[in-house]
Amino acid sequence: MTSISEDSDKEKVRSVSVDLNNDASLIIDIPDALCERDKVKFTIHVKTTISSFQKPAFSVPRQHEDFIWLHDTIVETEEYAGLIIPPAPPKPDFEGPREKMHKLGEGESSMTKEEYAKMKQELEAEYLAVFKKTVQVHEVFLQRLSSHPIFRKDRNFQIFLEYDQDLSVRRKNAKEMFGGFFKNMVKSADEVLISGVKEVDEFFEQEKTFLLDYSSKIKDATAKAEKMTRSHKNVADDYNHISGALNHTAADNNTAFKKHLEKSAEVFEKLRKLEDRVASDQELKLTELLRYYTRDIQAAKDLLYRRARALADYENSNKALDKARLKGKDIAQAEENQKKSLQKFDKLSESGKKELTSFKARRVVAFRKNLIEMTELEIKHAKNSMSLLQGTIEILNSN
Amino acid sequence: MSEDREAPALLGAAHTDPPEPQDAEDLFVSVACVTECPEAARLSAEDLSPGSDGHKDPDDPDDPDDLFAEATEEVSLDSPERQPILSDGPSPAITPVTPVTISPRLDVFDRSLDQDDEEEENRDTLDIQISVSDPEKVGDGMNAFMVYKVTTKTSLSIFSRDEVCVKRRFSDFLGLHSKLASKYMHMGFIVPPAPEKSIVGMTKVKVGKEDLSSVEFVEKRRSALERYLLRTVKHPALLKDPDVLQFLESSELPRAVSTQALSGAGILRMVNKAADAVNKMTIKMNESDAWFEEKQQQFENLDVQLRKLHASVESLVCHRKELSVNTAAFAKSAAMLGNSEDHTALSRALSQLAEVEEKIDQLHQEQANADFYLISELLGDYVRLITAVRGVFDQRMKTWGKWQDAQLMLQRKREAEAKLQYASKPEKLQQARDEIREWEGKVQQGERDFEQISRNIRREVGQFEKERVKDFRVVIMKYLESLVHSQQQLIKYWEAFLPEAKAIA
C-alpha cells in the first residue's frame with residue numbers, strides 16, 4: 001500500500017498541461033492516493049464558490065473506472081459534439097515495477113545484501129514514479145473539465161465530484177458498454193468515409209491535414225522516447241551492478257588499492273542515481289508530454305470526425321429534400337431535417353474552430369514549458385555528474 | 001671449490017631474481033618447513049644459517065660435494081640446453097644452482113633490493129613501443145586470413161634495428177604464445193595469454209562481409225593483439241627470448257600449424273589439459289607455506305570477482321549502444337514531428353531538439369566505445385591472466401608431486417638395497433647403490449626445482465600484483481575522465497538548446 005501526499009512535488013509534477021487551476025471558482029486537485037493491490041483510490045479535493053455545489057470544500061474518493069465513466073458520458077453527450085473532449089486518463093499500469101519486484105524476489109539469493117537492498121530501493125522509487133504519473137494524469141483530466149466554461153457545468157461532472165457514495169452503481173452496465181463499443185466501431189468506419197468528404201472551409205481543411213499527419217508522428221515520437229528512457233534506466237541499472245562488483249572486489253584487496261576501488265564503487269553508485277534522475281525527468285517532461293498530446297490530438301481528431309459526420313448528414317438531408325421535392329411527399333419534414341442538420345453543422349463548425357485554435361495555443365505553451373524544464377534539468381544533472389566525477393578524480397589522484 | 005663457489009655465487013647474485021624484500025623473511029622461515037623429507041630438511045636447516053656454507057656436515061648422507069659437482073655441471077654456460085637462453089640479465093634457466101645460492105642467500109637478498117628497484121624501473125620505462133596496425137585481408141573464401149603489421153620501435157640493444165616492421169597473422173601470435181608457455185610456465189613464469197580464437201567472428205570476415213560487426217571484430221582483435229605483445233615484452237625474461245625476438249624482427253616466420261585446434265598438436269594439448277585436470281584432483285599437496293595458500297585463495301576469489309565485474313561492464317556496453325540507437329531513432333522521429341508541426345517557432349524548436357539528440361547519440365556511441373576498450377577489454381585480459389596465474393600455481397603443485405614421487409622412489413631403492421645387503425649378490429648390490437645415487441640426485445633436483453618455482457612464483461606474483469594495481473588505477477582514471485568529457489559535452493549541447501526552447505512564442 002502506497003500513498004503520496006507531497007505537495008511540493010506536485011507542483012513540479014503537474015506540468016503536462018498549463019496550470020488549469022487559475023479560476024478560483026472551482027479548484028480541483030488530487031492530494032492523496034492509495035494503492036491497494038490492483039486498485040488505485042484517488043482522493044479528490046474540491047474547493048468551490050459555485051452555489052450549485054452543496055459545500056464550499058470537500059473530498060471524495062474515486063476509482064479509475066469512475067473517471068472512465070465520466071469521460072464516456074461526456075463523449076456521448078450530443079451537445080458536446082463541437083468540443084474537444086479531454087482524453088480519458090489511461091489505466092494505472094503497475095505491471096512493469098511489479099514484474100521487476102517479482103524477478104528481484106526470485107533472484108534474491110544470487111546477489112549480495114547491499115545489492116538487493118539497493119535494487120529494492122530503486123524499484124520502490126520506480127513504483128512511486130508510476131504512481132505520481134497516474135495521479136497527475138487523472139488530476140489533469142478533472143482540471144481540464146473544471147477550467148472549461150461548458151464542461152464545468154456538466155451535471156455528471158458535478159455528480160462525480162459530489163456524490164458521496166460509490167459511483168459503481170451508475171457506471172456502465174453491460175448493455176451500455178456494448179453500445180459504447182458499437183459507437184466506436186462505427187466511428188472508425190466513419191474515419192475512412194469522412195476523410196473523403198469534400199471540405200469547403202479552408203481552416204478545417206488545413207486542420208484536417210495537419211492533425212492526420214501530426215497524430216501519426218507524435219505517436220511514433222512517443223514510442224521512440226519511451227524506448228530511449230528505458231535504455232537510460234538500463235544503463236543506470238548497470239552502474240548499480242558495477243558498483244556492487246567493485247565493492248565486492250575491494251573487500252579482498254590490499255589497503256591502498258582497496259580505497260581506490262571503494263571510491264570507484266561510490267562514484268558508480270552516485271552516477272547511477274544521477275542517471276536514474278535523468279531518465280525519470282526525461283520521462284516526465286518529454287515522454288509524458290508526448291503521450292498526453294497523442295491522446296489530445298486524438299480528441300481533436302474526434303471533433304473533426306463528428307463535424308465531418310454532421311456535414312455528411314447535412315448533405316444527406318439535402319439529397320433527401322431534393323428527393324422529397326421530386327416525389328412531392330414529406331417536403332416539410334425534409335425541409336425541417338435539412339434546417340436542423342445545417343444548424344448542427346454550423347454550430348459544430350463554430351465551436352470547433354474556437355476549440356481547435358485554443359488547442360493549438362495550449363499545445364504550444366505546454367511544449368515550451370516542458371522543453372524548457374527538461375533542458376534545465378538535463379543541464380543541472382550533467383553539472384552535478386561532472387562535479388562528482390571531477391571531485392573523485394582529484395581524490396584518486398592525490399592518493 | 002671456492003672458485004666454484006664464487007662463480008656460482010656471482011651468478012646467483014646476478015641471475016637470481018629474489019622475491020620482494022618483504023617476503024625475504026617469509027622465505028627464510030618457510031623454507032624450513034617446506035618439506036617433510038628428513039634429508040632435505042637437514043639441508044635446509046643448514047642453509048638457514050646466514051653466511052654458512054651449509055654443506056660441511058660430513059655425516060650428511062646427501063654428500064655436499066656431490067651436490068656441488070652436479071651444480072657445476074648445471075652452471076656451465078656452455079651447456080647445450082642452456083644455449084638459447086643466454087642472457088646478460090636475469091635468466092631463470094641458469095638459476096638451478098640451488099645448493100650454492102642457498103647459502104649466500106643473504107647476500108643475494110641485500111642485492112635484491114637494488115635488483116628489484118632496477119627491475120621495476122626497467123619495467124616502467126621499458127624503451128620499446130609495439131603497435132599492431134593495418135589489418136589486411138589475404139586470400140578469399142574460407143582460406144582467407146587477416147594479416148597485421150607489427151611495428152617495433154626501440155633503442156634496446158638486443159634488437160638488431162631501431163625500427164622493425166613485420167607482417168604477422170593471428171596463428172603466428174598463437175604460435176608464439178604456445179612456445180613461450182612450454183618454455184616458461186613450468187618454471188613458474190606467468191606467460192601472458194594470447195587473445196582468444198573466434199570461429200564466428202573470423203568466419204564473417206572470411207566470407208567477406210564488410211559490415212559494421214566485421215569491422216568491429218577486426219579492430220577488437222587488432223587491439224587485443226597489441227596489448228598481448230606489450231604485456232609479453234614487459235616481462236624481462238620474455239623480452240629477451242629468441243622466439244620473441246624472432247617474432248618481432250624476422251620477415252619470414254614458419255607457419256605455426258600446431259596452433260590449429262584439430263591438428264595433432266591441438267589434440268595433444270587437449271589430452272594434456274584433461275590429464276592436468278585429473279592430476280589436480282589427485283595431487284593433495286601438503287601446503288606448508290601460508291603465502292602460497294593465501295595467494296591461491298586470493299586468486300580464486302579475484303577470478304570470481306573479475307568475471308562478475310566483466311559481465312556487468314559488458315552489459316553496460318550493450319545497453320549504452322542500445323541507448324545510442326534509441327536516441328538516434330528518437331532524433332529522427334522528433335525531426336519528423338517538427339516538420340509536421342504547423343506552429344513555426346515550435347516547429348523550429350523541435351527540429352533543434354532533434355539535432356541535439358543526434359549529437360547526444362554520437363556521444364553515447366563514443367562513451368560505449370570507451371566503456372568497451374578501456375574497461376571491458378582490460379577486464380577480459382585480466383580474467384585470462386588470472387587463469388595463467390592459477391596455472392602457474394598448478395605447475396608448482398606438479399613440481400612438488402614430481403619431487404615427492406622421486407622421494408618415494410628413493411625410499412624404495414634404499415629398501416631394495418637394504419634387502420640385497422643380506423643376499424650376497426655383489427653386482428646387484430652395486431647396481432642398487434648406483435640407483436640410489438641416481439635417485440638421490442633426482443630428489444635433490446626435485447627439491448631444487450620446487451624451490452626454484454616457488455621463488456619464481458613469488459617474484460612473478462609480486463610483479464603481477466603491482467602491474468595489476470597500476471593498470472587498474474590508470475584505467476579507472478582514464479574512464480572517469482571520459483565520463484567527464486561526456487558530461488561536459490552534454491552541458492554544452494543543452495545550454496545551446498535552452499534559448500531555442502525559450503524562444504517558442
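Note that the coordinates shown come from a computational prediction; the quantities given were computed from them, not determined experimentally. Throughout, a residue's number is its position along its own chain's written sequence, starting from 1. Here the convention is simple: chains get letters from A, ligands get numbers from 1, in the order in which they are written. Whole-chain, interface and lining totals are the exception, using all residues; otherwise, since this is a predicted model, local features are given only for residues with pLDDT of at least 70 and side-chain atom pairs are given and counted only at 80 or more. To obtain the side-chain values, all non-hydrogen atoms of the structure were used and water was disregarded.

On to the overall build of chain A. Helices and strands together make up the secondary structure of chain A, namely 9 helices and 4 strands. To qualify as a helix, a DSSP run of H or I must reach at least 4 residues; to qualify as a strand, a run of E must reach at least 2; elements of each kind are numbered from the N terminus. Each helix (α) and strand (β) of chain A, taken in turn from the N terminus, gives the series β-α-β-β-β-α-α-α-α-α-α-α-α. Expressed as a percentage of its 399 residues, the buried residues of chain A come to 51%. In chain A, the proportion of contacts linking residues at least 24 apart, taken out of those at least 6 apart, comes to 76%. Per-residue and other accessible areas follow the Shrake-Rupley method at a 1.4 Å probe size, with only the shown protein chains counted as cover for residues. Summing over all exposed atoms, chain A offers an accessible surface of approximately 19900 Å²; the carbon and sulfur share of this is 54%. Type-normalised accessible area, obtained with a 1.4 Å probe on protein chains alone, sets the label of each residue: buried when under 20%, exposed when over 50%, and partly exposed for intermediate values. Contacts: residue pairs with any heavy atoms within 4.5 Å of one another.

Within chain B, the secondary structure is distributed over 15 helices and 3 strands. When burial is assessed residue by residue, chain B has 52% of its 505 residues classed as buried. For chain B, the accessible area works out to roughly 24400 Å², and carbon and sulfur atoms hold 55% of it.

Looking now at the domain arrangement of chain A. All names here are of chain A. When the domains of chain A are assigned, the result is domain 1 (15-96 + 132-167) and domain 2 (210-398). With 20 residues of domain 1 at the interface, the matching set in domain 2 holds 28 residues. Between glutamate 78 and lysine 344 there is a salt bridge, and its shortest N-O distance comes to 3.6 Å. In protein, a polar contact means a hydrogen-donor-capable atom and an acceptor-capable atom, both N or O and within 3.5 Å, with residues adjacent in sequence counting only if both atoms are side-chain atoms; elsewhere, any N or O pair within 3.5 Å suffices. Along the contact surface separating domain 1 from domain 2 lie 8 residue pairs in polar contact (both at pLDDT 80 or more). Here the side of domain 1 that touches domain 2 is built from residues that sort into 12 nonpolar, 4 polar and 4 charged. Delimitation of the domains relies on an automatic or database domain assignment. We define a salt bridge as a side-chain nitrogen of Lys or Arg found within 4 Å of a carboxyl oxygen belonging to Asp or Glu. Each residue is assigned to one of three groups, with Ala, Val, Leu, Ile, Met, Phe, Trp, Tyr, Cys and Pro labelled nonpolar, Asp, Glu, Lys and Arg labelled charged, and all others, Gly among them, labelled polar.

What follows covers empty space enclosed by the protein. In this approach a probe as big as a water molecule rolls over the atoms, and the regions it shows empty are the leftover space. For each structure, a 1 Å grid was placed over the protein atoms alone; sets of points admitting a 1.4 Å probe that cannot get out are labelled cavities, open sets with protein on both sides within 12 Å along at least five of seven lines are labelled pockets, and lining residues have an atom within 4 Å of a point. Grid points are joined across faces, edges and corners, and a volume is the space filled by probe spheres set on the points. Within this structure, the stated rule accounts for 18 cavities of 30 Å³ or more. A:His232, A:Glu275, B:His364, B:Gln487 and B:Leu490 are the residues nearest the centre of the largest cavity, which is lined by 25 residues in total. Looking at the lining of the largest cavity, the elements with two or more residues in it are α7 (202-252), α8 (255-327) and α9 (331-398) of chain A together with α13 (290-340), α14 (344-421) and α15 (426-502) of chain B. Class assignment for the residues of the lining of the largest cavity results in 12 nonpolar, 9 polar and 4 charged.

With that settled, consider the interface of chain B and chain A. Counting from both sides, the interface comprises 52 residues of chain B and, opposite them, 60 residues of chain A. Buried surface at the junction of chain B and chain A, both sides included, amounts to about 5200 Å², of which 69% is carbon and sulfur. Taken together, the connections running from chain B to chain A amount to 4 salt bridges. With its nearest N and O atoms 3.7 Å apart, the salt bridge here joins A:Arg363 to B:Asp342. On the surface where chain B and chain A come into contact, there are 18 residue pairs in polar contact (both at pLDDT 80 or more). Listed by contribution, the elements that provide at least two residues to the side of chain B that touches chain A are α13, α14 and α15 of chain B. Class assignment of the residues belonging to the side of chain B that touches chain A gives a composition of 28 nonpolar, 13 polar and 11 charged. Buried area, as used here, totals the accessible surface that two parts lose on assembly, with accessibility defined by a 1.4 Å probe and the loss added over both.

All names here are of chain B. Pairing of aromatic rings covers Phe, Tyr and Trp, the last counted by its six-membered ring, and requires centre-to-centre distances within 6.5 Å; plane angles under 30 degrees mean stacked, over 60 mean edge-to-face, and any other angle means tilted. Using the criterion set out here, one finds 25 aromatic pairs over all chains in the structure. Their ring planes at 75° and their centres at 6.0 Å tell us that phenylalanine 292 and phenylalanine 393 sit as a pair that is edge-to-face. Taken together, the positions of phenylalanine 292 in helix α13 and phenylalanine 393 in helix α14 put the pair 101 residues apart, joining distant regions of the chain. The two residues phenylalanine 292 and phenylalanine 393 agree in class, both being buried. A centroid spacing of 4.9 Å and a plane angle of 80° characterise the contact between phenylalanine 372 and tyrosine 373, whose relative ring orientation is edge-to-face. Given the relative accessible area of 15%, phenylalanine 372 is considered buried.

Before going further, it helps to examine a nonpolar patch on the surface. Residues and elements named next belong to chain B. Patch membership requires over 30% relative accessible area and the absence of a salt bridge. Like charges are linked within 9 Å, and nonpolar side chains (Val, Leu, Ile, Met, Phe, Trp, Tyr) within 5 Å. Judged by side-chain polarity, Ile267, Met270 and Val271 come together as a nonpolar surface patch covering roughly 270 Å² of accessible area. Position of valine 271 relative to the elements: it lies in helix α12 (residues 264-282). Given a relative accessible area of 48%, valine 271 falls into the partly exposed group.

Right, let's get into α14(B). In this model α14(B) runs 114 Å from its N-terminal to its C-terminal C-alpha over 78 residues, within 8% of the 116 Å that 1.5 Å per residue would give. Considering bend angle alone, the principal kink of α14(B) is centred on B:Phe372 and spans about 30°. Expected helix span is computed as 1.5 Å times (number of residues minus one). The reported bend at a residue is simply the angle between two axes, fitted to the 7 residues ending at it and to the 7 residues beginning with it.

For side chains bearing opposite charge, pairing can occur when the charged atoms are close. All names here are of chain B. Following the criterion strictly, the structure yields 50 salt bridges over all chains and no others. One salt bridge connects arginine 414 with glutamate 440, and the closest N-O pair in it is separated by 2.8 Å. Of the two residues, arginine 414 sits in helix α14 while glutamate 440 sits in helix α15, which places them 26 residues apart along the sequence. Its salt-bridge partner being glutamate 417, residue arginine 433 comes within 2.7 Å of it at the nearest N-O pair. One end of the pair, arginine 433, is in helix α15; the other, glutamate 417, is in helix α14, and 16 residues separate them in sequence. Residue arginine 433 is classed as partly exposed on the basis of its relative accessible area, which comes to 36%.

So, on to helix α8 (residues 199-207) of chain B. Residues and elements named next belong to chain B. Looking at α8, one finds that the buried residues are Gly201, Met202 and Val205. For α8, the buried positions fall inside an angular range of 90° around the axis, keeping them on one side. Counted as exposed and oriented over 90 degrees from the buried face of α8: Ile199, Val200 and Val207. For α8, the secondary structure elements touched by its buried residues are β1 (128-138), β2 (145-154) and α9 (212-234). Taking the helix axis as origin, the arc is that swept by the directions to the C-beta atoms.

Glancing now at the side chain of B:Arg320. Its place among the elements puts B:Arg320 in helix α13. If we ignore the near neighbours within four places in the chain, the residues touching B:Arg320 are A:Val235, A:Tyr239, B:His364, B:Gln367, B:Ala368, B:Asp371, B:Tyr479 and B:Leu483.

Time to look at the nonpolar core. Where a protein is soluble and globular, its nonpolar side chains tend to be buried together. Here the nonpolar core consists of buried residues drawn from Ala, Val, Leu, Ile, Met, Phe, Trp, Tyr and Cys, with membership extended through side-chain atoms lying within 4.5 Å. Judged by nonpolar contacts, the single largest core of 104 residues is most densely connected at A:Leu290, A:Phe367 and B:Trp494. Listing elements by their share of this core, those giving two or more residues are α4 (113-147), α7, α8 and α9 of chain A together with α13, α14 and α15 of chain B. Those residues in contact with A:Phe367 that lie beyond four places of it in its chain are A:Tyr214, A:Ile218, A:Leu289, A:Leu290, A:Tyr293, B:Leu346 and B:Leu350. With 37 residues, the next largest nonpolar core counts B:Tyr148, B:Val164, B:Ala181 and B:Ala237 among its residues.

So, on to the UniProt feature "coiled-coil region" (unreviewed entry) in chain B. UniProt positions are given in the numbering used here, feature names are shortened, and annotations may be inferred rather than shown by experiment. Those places that UniProt annotates as "coiled-coil region" (unreviewed entry) correspond, in this numbering, to residues 429-456 of chain B. With 100% helix and 0% strand, residues 429-456 of chain B has end C-alpha atoms that lie 40 Å from one another.

A word on the sheet that holds β1(B). Residue and element names in this part refer to chain B. By definition, two strands form a pair when at least two bridges between them are found by DSSP. Ordered by their spatial adjacency, 3 strands build an open sheet running β1-β2-β3, and the pairing between neighbours is antiparallel. Both edges of this open sheet fall to β1 and β3 (163-169), since each of them pairs with a single strand only. Each neighbouring strand pair of the sheet contributes to a mean axis angle of 20°, computed without reference to strand direction. Pairing geometry for β2 and β3, over 7 bridges, is antiparallel. Within the sheet, the bridge partner assigned to valine 147 lies in β3 and is arginine 169. The axes used here are C-alpha line fits, helices contributing only the stretch in contact, and every angle between their N-to-C directions lies in the interval 0 to 180 degrees. Against the sheet, helix α7 (residues 170-184) makes contact with β2 and β3, and its axis sits at roughly 100° relative to β3, the strand it touches most.

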